[in-house]
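Structural characterization, general
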Amino acid sequence: MSDNQIIEVRDADGLEVKYGLPPEVRFCRSCVISNQRPSSVVEFRNRPGDRKPTIEFDEEGVCSACRYARIKETIDWAERERELIELCDRHRSRDGSYDCIVPGSGGKDSAFTAHILKYKYGMNPLTVTWSPHVYTEIGWQNFRAWIDSGLDNYLYTPNGRLHRLLTRLAFENLVHPFQPFIIGQKLVGPRMSVLYDIPLVFYGENQAEYGNNIEDNDRPTMDMSFFYNSRVDIRDLHLGGVPATELIERHGVDRRDLNPYLPLDGERLEQTGTQVHYLGYYLRWDPQECFYYAAEHTGFRTNPERTEGSYSKYSSIDDRIDPLHYYTTFIKFGIGRATYDAAQEIRNGKITREEGVALVKRFDAEFPKKYFREILDYMGITEERFWEVIDSARSPHLWKKENGEWKLRHAVWHEAHNP
Ligand SMILES: [Zn+2]
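Heads up: these notes are all about the structure in this document. (Residues numbered from 1 in each chain as written. Predicted model: local features only at pLDDT ≥ 70, side-chain atom pairs only at ≥ 80, totals over all residues. Heavy atoms only, no water.)

1. A look at the nonpolar core
Ranked by size, the top nonpolar core spans 118 residues in total, and within it Ile33, Cys63, Leu84, Leu117, Phe202, Phe227 and Leu279 carry the most contacts. Among the elements that take part in this core, helix H6 (residues 179–196) stands out by supplying seven residues, more than any other. The contact partners of Leu279, leaving out residues within four places of it in the chain, are Leu84, Phe112, Thr113, Ile116, Leu117, Phe202, Tyr203, Gly204 and Trp285. (Core = buried A, V, L, I, M, F, W, Y, C linked by side-chain atoms within 4.5 Å. Buried < 20%, exposed > 50% of the residue type's maximum accessible area, 1.4 Å probe, protein only. Helix = DSSP H or I, 4+ residues; strand = E, 2+ residues; numbered from the N terminus. Contact = heavy atoms within 4.5 Å.)

The following block contains the structure:
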């Protein structure tokens, strides 16, 4: 089978299933997430039509993120904190130099991580930020307040012309306008680690919280093979769903400008001894508690208005493209922003499943109109083209058109009475 061949999958009713998603839609019995949620982000080689691994469900119909939430209750957190203190003791600088890197935006999670490492555990973190596409006002205020709470920061802003191009291509080819941002943001910590010779990098929450590999929970560090891969050759590397060679030859991209998006040099990472740790392995992670901490200590403020597509006011609020990102997940997987927010809050005991279902029903499908024009301008596409991309991204096993209106075939509120 050739690399480019895409196998067509159909569900029990003979409807086409895109993206290699599970043909039968199921919802977690504990939260509101469905089995259509991609589980890990294999970003470097994403091509249009690639199969996406999805979240696992156990025999009881419970998702792996909910299972992890239960496991979290049995972890000896005092012991984990001792491990954190030992790790900090091994790395803490004695001469005033930076001893760890905290990548982040100054949102509640990175604000919590950097501040607690500095002011409770006595570390001297350098915070590094991969700039949002277009800051929101509240995002910029929170970013400034984070620095003003007593932290040094490098703001890394990628080449605007290239980042716009990659964002447009990622939207048109993968319906994933966030892909270039995610790649850059993930790489910026280890990249700065090498650049400034600071081996210890702290991210906040473990991705297993959201249903990636559950085995990752037993490990405090991120698998470094994500950051470099000796087998990834520029010739088979894709960005925005386009081979890098095509970006250079057809889109006039300068090879040098691609560097911030390319895997790191494994040898240099090894020389530096770069290790990427999750603070969420050591401290009991709860997004709402991070919010309370950040509000008290780093001047973090919530959005004055409810976030479009959800009911929350405190997560992912710094980039004007965020709402569109969640809208694309709603189109591709039937999972919008309210679903992500409600699933997380159910797991952390903040709301009941019943409340979550009602919130999903009310907000998940909301179209993000506030920054819509601005984001179209940013990507340089017309509204007509936008809808063409969106409508062709709807998998027939998830969507149907009734009286000219798109409707989801399966929704968590349909299943709620019959769990
Ligand atoms: Zn669940």
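2. Some thoughts on the packing of helix H12 (residues 337–347) against helix H13 (residues 353–363)
Two numbers describe a pair of packed helices, the interaxial angle and the distance between the axes. Remark: H12 packs on H13, axes separated minimally by 9 Å, with the N-to-C direction vectors making an angle of 170 degrees. As summarised for this structure, H12 and H13 are arranged roughly antiparallel, according to the angle between their axes. Facing H12, whose interface residues are Ala338, Thr339, Ala342 and Ile346, H13 presents Arg353, Gly356, Leu359, Val360 and Phe363. For the contact of H12 with H13, the per-class residue count stands at six nonpolar, two polar and one charged. (Axes fitted to C-alpha atoms, helices over the stretch in contact; angles between N-to-C directions. Parallel < 35°, antiparallel > 145°, perpendicular 65-115°, else oblique. Nonpolar A, V, L, I, M, F, W, Y, C, P; charged D, E, K, R; others polar.)

3. So, the coordination of the zinc ion
Looking at the zinc ion, the protein donor atoms are Cys28 (SG), Cys31 (SG), Cys63 (SG) and Cys66 (SG), and they sit 2.3 Å from it. In this structure, the zinc ion is coordinated by four donor atoms arranged in tetrahedral fashion, with angles at the metal of 102 to 114 degrees. One chain supplies every donor to the zinc ion, and in sequence these donors are spaced C-x2-C-x31-C-x2-C. Since its relative accessible area comes to 0%, Cys31 is described here as buried. (Donors = N, O, S within 2.8 Å, 3.2 Å for Na, K, Ca; no water. Tetrahedral: all angles 85-135°; square planar, octahedral: opposite > 155°, others 65-115°.)

4. So, the packing of aromatic side chains
Overall, the coordinates contain 23 aromatic pairs when judged by the stated rule. Ring centres 5.4 Å apart and planes at 40 degrees place the aromatic pair Trp140 and Phe143 in the tilted group. Here Trp140 and its partner Phe143 are both found in helix H4 (residues 137–148), three residues apart, which amounts to about one turn of the helix. Among the residues examined, Trp140 registers a relative accessible area of 38% and is labelled partly exposed. (Phe/Tyr/Trp six-rings, centres within 6.5 Å; stacked < 30°, edge-to-face > 60°.)

Interpretation in functional terms is not warranted from these geometric data alone.
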